[in-house]
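Descriptive structure summary
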Amino acid sequence: MHTAQITIDHEQEKVIEEFSQFTDWTDKYEYLIDLGKALPALNEKYKTEFHLVKGCQSKVWLHAFVKEDKLYLEADSDTVITKGIIALLIRVLNGQELNDIEKADLKFIDLIGLKSHLSPTRSNGLISMIQHIKSYARNLDVTDPSELSSDQASQQELMIRQIKEVYDPEIPVDIWELGLIYTLGLNENGKVQITMTLTSPACPVAGSLPLEVQEKLLQLPFVTDVELTLVWAPAWNKDRMSDEAKMALDMF
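Residues numbered from 1 in each chain as written. Predicted model: local features only at pLDDT ≥ 70, side-chain atom pairs only at ≥ 80, totals over all residues. Heavy atoms only, no water.

What follows deals with the overall build of the protein. Regarding its fold elements, the protein presents 10 helices and six strands. Taking 2.2 N^0.38 as the reference for a compact globule, 252 residues should give roughly 18 Å; the C-alpha atoms of the protein span a radius of gyration of 19 Å, in line with that estimate. Considered along the principal axes of its C-alpha atoms, the protein spans approximately 60 × 40 × 35 Å. Taking contacts inside the protein between residues at least 6 apart in sequence as the whole, the part at least 24 apart equals 62%. Of the roughly 12600 Å² of accessible surface on the protein, a fraction of 50% belongs to carbon and sulfur atoms. Considering the protein, the positive charge centre built from 24 side chains and the negative charge centre built from 40 side chains are found 3 Å apart. (Helix = DSSP H or I, 4+ residues; strand = E, 2+ residues; numbered from the N terminus. Rg over C-alpha atoms; globule rule 2.2 N^0.38 Å. Contact = heavy atoms within 4.5 Å. Areas by Shrake-Rupley, 256 points an atom, 1.4 Å probe, with all protein chains shown as cover. Lys, Arg positive; Asp, Glu negative; His and termini not counted. Charge placed at Lys NZ, Arg CZ, Asp CG, Glu CD.)

Okay, here's the thing in structure tokens:
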């Protein structure tokens with residue numbers, strides 16, 4: 001087994017052991033609060049819309065950077081319980097190799113009973129935090145996107161990675177896995193042509209979500225323009241979701 005993966009498992013075992021010392025969930029919540037209070041303060045420059053974790057009831061800001069192929073995480077929240085939850089995730093995953101974080105099975109969450117003792121909104125927020133961290137592990141793996149932008153397949157992969165950073169605020173799954181993207185193409189002049197939909201015409205982010213997709217794609221050095229068309233036919237349905245999305249939403 002990979003050394004870094006052993007470290008992730010070791011940290012999970014330590015968390016499980018610590019929580020096993022408490023027989024009452026009131027005491028476990030107090031422990032979560034203490035963990036949140038101990039989390040180092042996040043620099044105010046990272047408390048921006050860009051660093052917000054979508055899908056959380058509370059505000060959670062998450063900043064990440066790569067050093068020597070390892071992912072380092074910094075975070076903050078406006079509620080103490082949520083701050084304790086993100087502190088737990090950082091404890092287990094901080095400083096681990098990108099590939100190991102992306103593939104990590106965070107078994108400690110179920111084994112300490114965390115997910116089952118959270119409200120549905122906080123449980124969805126927990127899923128969003130995990131997906132956000134794993135998205136960082138996937139996307140920050142490319143420290144210089146220009147190195148992978150020389151062929152069409154690599155450009156397509158990078159565009160998908162950017163799109164996977166965009167989340168429906170009511171569903172803790174990125175919009176690519178939800179199946180909201182119908183077509184995605186890039187012409188020889190660097191112009192992206194994308195067709196997408198939303199889960200419903202009444203979606204409250206009908207105005208902002210397509211704009212967020214455009215902004216993400218324009219961050220790529222080979223993209224010169226984005227032409228996005230929002231369509232309602234064919235209508236989105238749950239069959240368009242990937243297996244990963246269905247697993248995240250317990251739909252299997």
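Attention now goes to the pairing of strand β5 (residues 191-196). Taken together, the five bridges between strand β4 (residues 181-186) and β5 define a ladder with antiparallel strand orientation. Looking at the pairing, Leu 184 lines up with Ile 194 of β5. What sits between the antiparallel neighbours β4 and β5 is a turn of four residues, in which Gly 190 has the positive phi angle 85 degrees. The pairing of β5 with strand β6 (residues 225-230) spans six bridges and is parallel. If you follow Met 196 over to β6, its bridge partner there is Leu 230. Read as a crossover between parallel neighbours, the route from β5 over helix α9 (residues 208-218) to β6 is right-handed. (Pairing = 2+ DSSP bridges. Right-handed = clockwise from strand over helix to strand, strands pointing away.)

Attention now goes to the environment of Ile 16. Examined against the element boundaries, Ile 16 turns out to sit in helix α1 (residues 3-19). Note: C-alpha distance between Ile 16 and Gly 113 (97 residues apart in sequence) is 9.7 Å. If we skip the residues at most four places from it in the chain, Ile 16 touches Phe 108, Leu 111 and Ile 112.

Spatially, β4-β5-β6 is the arrangement adopted by the three strands of the open sheet, whose pairing is mixed. Edge positions in the sheet fall to β4 and β6, since each of these pairs with one other strand and no more. Taken pair by pair, the neighbouring strands of this sheet meet at an average axis angle of 10 degrees, ignoring direction. Against the sheet, helix α7 (residues 152-163) contacts β4 and β5, and its axis sits at roughly 135 degrees relative to β4. Relative to the sheet, α9 contacts β5 and β6, its axis offset from that of β6 by approximately 155 degrees. (Axes fitted to C-alpha atoms, helices over the stretch in contact; angles between N-to-C directions.)

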